[in-house]
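Geometric and topological summary
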Amino acid sequence: MRHGVAHRKLGRVTEHRIALLRNQAQALLRHERIQTTVPKAKELRPYVERIISIAKRSIGTQGTDEEKRIRRMTAERLVARDIADAKVVTKLFDTLAPRFVERPGGYTRVLKLGHRRGDAAEVAQIELIGSEYDPNADVPTAEAAEEPKGIRGRARAAVKKLQDEGATEGDDKPKRARKSAKKAE
(Lines give C-alpha, C1' and ligand atoms only; values in the text may rest on other atoms or scores of the structure.)
Protein backbone atom coordinates (compact mmCIF):
# COMPACT_ATOMS: atom_id res chain seq x y z
CA MET A 1 0.00 0.00 0.00
CA ARG A 2 1.44 3.33 -1.06
CA HIS A 3 0.62 6.01 1.48
CA GLY A 4 0.81 9.74 0.84
CA VAL A 5 0.18 9.60 -2.92
CA ALA A 6 -1.80 12.78 -3.39
CA HIS A 7 -1.51 14.11 -6.93
CA ARG A 8 -1.75 12.93 -10.51
CA LYS A 9 1.48 12.82 -12.48
CA LEU A 10 -0.27 13.78 -15.76
CA GLY A 11 2.40 11.93 -17.74
CA ARG A 12 5.03 14.59 -17.04
CA VAL A 13 8.18 14.95 -14.99
CA THR A 14 7.90 17.10 -11.86
CA GLU A 15 9.31 20.29 -13.38
CA HIS A 16 7.04 20.08 -16.41
CA ARG A 17 3.99 19.34 -14.24
CA ILE A 18 4.69 22.36 -12.00
CA ALA A 19 5.18 24.59 -15.05
CA LEU A 20 1.92 23.30 -16.53
CA LEU A 21 -0.03 24.06 -13.35
CA ARG A 22 1.52 27.54 -13.06
CA ASN A 23 0.68 28.39 -16.68
CA GLN A 24 -2.88 27.07 -16.40
CA ALA A 25 -3.42 28.89 -13.09
CA GLN A 26 -2.21 32.12 -14.66
CA ALA A 27 -4.52 31.64 -17.66
CA LEU A 28 -7.47 30.81 -15.40
CA LEU A 29 -6.96 33.90 -13.26
CA ARG A 30 -6.51 36.06 -16.36
CA HIS A 31 -9.51 34.80 -18.37
CA GLU A 32 -11.59 33.38 -15.48
CA ARG A 33 -12.45 30.35 -17.67
CA ILE A 34 -10.30 27.86 -19.59
CA GLN A 35 -10.77 24.54 -21.36
CA THR A 36 -8.50 21.60 -20.59
CA THR A 37 -8.71 17.88 -19.98
CA VAL A 38 -10.58 16.61 -16.92
CA PRO A 39 -7.50 15.28 -15.02
CA LYS A 40 -5.66 18.59 -15.55
CA ALA A 41 -8.72 20.53 -14.39
CA LYS A 42 -9.01 18.37 -11.28
CA GLU A 43 -5.34 18.98 -10.47
CA LEU A 44 -5.62 22.70 -11.19
CA ARG A 45 -8.56 23.23 -8.87
CA PRO A 46 -6.77 22.90 -5.48
CA TYR A 47 -3.72 24.72 -6.86
CA VAL A 48 -5.78 27.80 -7.82
CA GLU A 49 -7.92 27.68 -4.69
CA ARG A 50 -4.79 27.79 -2.52
CA ILE A 51 -3.59 30.89 -4.41
CA ILE A 52 -6.97 32.60 -4.04
CA SER A 53 -7.05 31.77 -0.32
CA ILE A 54 -3.66 33.42 0.18
CA ALA A 55 -4.89 36.54 -1.61
CA LYS A 56 -8.17 36.53 0.30
CA ARG A 57 -6.44 36.33 3.70
CA SER A 58 -4.46 39.48 2.93
CA ILE A 59 -7.65 41.54 2.58
CA GLY A 60 -8.45 41.40 6.31
CA THR A 61 -9.90 44.58 7.83
CA GLN A 62 -8.02 44.33 11.12
CA GLY A 63 -4.91 46.32 11.89
CA THR A 64 -3.43 49.65 10.92
CA ASP A 65 -2.81 50.75 7.35
CA GLU A 66 0.85 49.81 7.69
CA GLU A 67 -0.04 46.30 8.87
CA LYS A 68 -2.50 45.89 5.98
CA ARG A 69 0.12 47.03 3.48
CA ILE A 70 2.70 44.61 4.87
CA ARG A 71 0.16 41.76 4.89
CA ARG A 72 -0.73 42.43 1.25
CA MET A 73 2.92 42.72 0.19
CA THR A 74 3.75 39.41 1.86
CA ALA A 75 0.78 37.71 0.22
CA GLU A 76 1.70 39.16 -3.18
CA ARG A 77 5.20 37.73 -2.82
CA LEU A 78 3.81 34.30 -1.92
CA VAL A 79 1.48 34.36 -4.94
CA ALA A 80 4.21 35.72 -7.24
CA ARG A 81 6.17 32.51 -6.66
CA ASP A 82 3.49 30.68 -8.64
CA ILE A 83 2.09 33.41 -10.91
CA ALA A 84 4.74 35.15 -13.01
CA ASP A 85 2.58 37.88 -14.59
CA ALA A 86 2.33 40.98 -12.40
CA LYS A 87 -0.91 42.10 -14.09
CA VAL A 88 -2.58 38.82 -13.15
CA VAL A 89 -1.36 39.14 -9.55
CA THR A 90 -2.78 42.67 -9.41
CA LYS A 91 -6.10 41.47 -10.84
CA LEU A 92 -6.19 38.69 -8.28
CA PHE A 93 -5.73 41.05 -5.35
CA ASP A 94 -7.87 43.93 -6.67
CA THR A 95 -10.87 42.18 -8.23
CA LEU A 96 -10.91 38.42 -7.67
CA ALA A 97 -10.03 38.10 -3.98
CA PRO A 98 -12.63 40.70 -2.85
CA ARG A 99 -15.25 38.72 -4.79
CA PHE A 100 -14.57 35.67 -2.60
CA VAL A 101 -14.18 37.34 0.83
CA GLU A 102 -17.47 35.96 2.16
CA ARG A 103 -17.04 32.55 0.51
CA PRO A 104 -15.39 29.90 2.73
CA GLY A 105 -13.93 27.92 -0.19
CA GLY A 106 -14.84 26.33 -3.49
CA TYR A 107 -13.83 29.17 -5.77
CA THR A 108 -13.78 27.10 -8.97
CA ARG A 109 -16.20 24.93 -10.91
CA VAL A 110 -15.35 22.09 -13.31
CA LEU A 111 -17.86 21.43 -16.11
CA LYS A 112 -17.38 18.38 -18.31
CA LEU A 113 -17.83 19.22 -22.00
CA GLY A 114 -17.47 15.85 -23.71
CA HIS A 115 -14.69 14.23 -25.68
CA ARG A 116 -12.08 15.89 -27.86
CA ARG A 117 -12.27 14.93 -31.52
CA GLY A 118 -8.62 14.12 -32.18
CA ASP A 119 -7.75 11.80 -29.31
CA ALA A 120 -11.12 11.33 -27.53
CA ALA A 121 -9.72 12.87 -24.34
CA GLU A 122 -12.43 14.00 -21.95
CA VAL A 123 -12.50 17.81 -22.01
CA ALA A 124 -13.66 20.08 -19.19
CA GLN A 125 -14.10 23.77 -18.63
CA ILE A 126 -12.81 25.13 -15.35
CA GLU A 127 -14.10 28.54 -14.32
CA LEU A 128 -14.10 30.81 -11.34
CA ILE A 129 -17.38 31.07 -9.47
CA GLY A 130 -19.04 34.36 -10.29
CA SER A 131 -17.81 34.46 -13.89
CA GLU A 132 -20.64 32.36 -15.25
CA TYR A 133 -21.14 31.93 -18.95
CA ASP A 134 -22.85 34.88 -20.63
CA PRO A 135 -24.49 33.71 -23.87
CA ASN A 136 -24.53 37.26 -25.24
CA ALA A 137 -20.76 37.62 -24.90
CA ASP A 138 -20.03 35.28 -27.83
CA VAL A 139 -22.65 36.79 -30.18
CA PRO A 140 -20.88 38.71 -32.94
CA THR A 141 -21.83 42.33 -33.45
CA ALA A 142 -23.98 43.41 -36.38
CA GLU A 143 -21.04 45.10 -38.10
CA ALA A 144 -18.92 41.95 -38.00
CA ALA A 145 -21.81 39.81 -39.24
CA GLU A 146 -22.47 42.04 -42.27
CA GLU A 147 -18.87 42.14 -43.42
CA PRO A 148 -18.77 40.03 -46.59
CA LYS A 149 -16.46 37.04 -46.81
CA GLY A 150 -14.96 35.93 -50.10
CA ILE A 151 -15.96 36.81 -53.64
CA ARG A 152 -19.54 35.60 -53.33
CA GLY A 153 -20.06 37.56 -50.15
CA ARG A 154 -18.76 40.75 -51.75
CA ALA A 155 -20.95 40.13 -54.82
CA ARG A 156 -24.03 39.65 -52.63
CA ALA A 157 -23.18 42.81 -50.71
CA ALA A 158 -22.85 44.76 -53.99
CA VAL A 159 -26.22 43.47 -55.26
CA LYS A 160 -27.86 44.30 -51.94
CA LYS A 161 -26.32 47.76 -52.03
CA LEU A 162 -27.74 48.34 -55.53
CA GLN A 163 -31.16 47.18 -54.36
CA ASP A 164 -31.01 49.47 -51.35
CA GLU A 165 -30.05 52.45 -53.55
CA GLY A 166 -33.25 52.05 -55.50
CA ALA A 167 -32.48 50.02 -58.59
CA THR A 168 -35.38 49.58 -61.01
CA GLU A 169 -37.90 46.83 -60.50
CA GLY A 170 -36.93 43.57 -62.09
CA ASP A 171 -33.19 44.23 -61.91
CA ASP A 172 -32.95 41.71 -59.08
CA LYS A 173 -34.24 38.95 -61.37
CA PRO A 174 -31.84 36.78 -63.36
CA LYS A 175 -31.07 37.90 -66.91
CA ARG A 176 -33.14 35.11 -68.46
CA ALA A 177 -36.21 36.08 -66.40
CA ARG A 178 -35.86 39.74 -67.39
CA LYS A 179 -35.73 38.81 -71.08
CA SER A 180 -38.83 36.65 -70.83
CA ALA A 181 -40.63 39.43 -68.93
CA LYS A 182 -39.78 41.91 -71.73
CA LYS A 183 -41.03 39.50 -74.42
CA ALA A 184 -44.31 39.00 -72.56
CA GLU A 185 -44.94 42.76 -72.59
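Structure: above.
Residues numbered from 1 in each chain as written. Predicted model: local features only at pLDDT ≥ 70, side-chain atom pairs only at ≥ 80, totals over all residues. Heavy atoms only, no water.

**A word on the pattern of salt bridges**
In the structure shown here, the tally under the stated rule is twelve salt bridges. The partner of Arg33 in a salt bridge is Glu127, and the shortest N-O contact between them spans 3.2 Å. Of the two residues, Arg33 is situated in strand β1 (residues 33–37) and Glu127 in strand β3 (residues 122–128); the sequence distance between them amounts to 94 residues. What emerges from the salt-bridge pattern is a single network uniting Arg22, Arg50 and Asp82. (Salt bridge = Lys/Arg side-chain N within 4 Å of Asp/Glu carboxyl O. Helix = DSSP H or I, 4+ residues; strand = E, 2+ residues; numbered from the N terminus.)

**Some thoughts on helix α1 (residues 14–31)**
Counted at 1.5 Å a residue, the expected span for α1 with its 18 residues is 26 Å, and the 26 Å between its end C-alpha atoms agrees. Three or more residues of α1 are buried, namely Arg17, Leu20, Leu21, Gln24, Ala25, Gln26, Leu28 and Leu29. Taken together, the buried residues of α1 touch β1, α2 (38–57), α4 (86–99), β2 (108–115) and β3. Downstream of α1 by one or two residues, Glu32 has phi in the positive range, about 65°. (Expected span 1.5 Å × (residues − 1). Buried < 20%, exposed > 50% of the residue type's maximum accessible area, 1.4 Å probe, protein only. Contact = heavy atoms within 4.5 Å.)

**Some words on the nonpolar core**
Residues Leu29 and Leu92 are the most contacted members of the largest nonpolar core, which totals 29 residues. When residues of this core are traced back to their parent elements, those giving at least two are α1, α2, α3 (65–80), α4 and β3. At nine residues, the largest contribution of residues to this core is made by α2. Residues in contact with Leu29, not counting those within four places in the same chain, are Val48, Ile51, Ile52, Ile83, Val88, Lys91, Leu92, Leu96 and Leu128. (Core = buried A, V, L, I, M, F, W, Y, C linked by side-chain atoms within 4.5 Å.)

**So, the packing of α3 against α4**
Any two packed helices are characterised by how steeply their axes cross, that is the angle between the axes, and by the distance between the axes. In the contact formed by α3 and α4, the axes pass within 10 Å of each other and the chain directions differ by 135°. By the angle class used here, α3 and α4 are oblique. Regarding α3 and α4, the two cross each other, and that crossing is right-handed. Between α3 and α4, the contacting residues are Arg72, Ala75, Glu76 and Val79 on the first element and Val89, Leu92, Phe93 and Asp94 on the second. Of the residues contributing to the contact of α3 with α4, the split by class is five nonpolar, no polar and three charged. (Axes fitted to C-alpha atoms, helices over the stretch in contact; angles between N-to-C directions. Parallel < 35°, antiparallel > 145°, perpendicular 65-115°, else oblique. Left-handed = near helix turned anticlockwise from the far one by under 90°. Nonpolar A, V, L, I, M, F, W, Y, C, P; charged D, E, K, R; others polar.)

**Overview of the sheet that holds β3**
A sheet is described by the order of its strands in space; here three strands give the open sequence β1-β3-β2, paired in antiparallel fashion. What marks the edges here is a single partner per strand, and that holds for β1 and β2. Averaged over all pairs of adjacent strands, the angle between strand axes in this sheet comes to 25°, irrespective of strand direction. The pairing of β1 with β3 spans five bridges and is antiparallel. Paired with Ile34 across the bridge in β3 is Ile126. (Pairing = 2+ DSSP bridges.)

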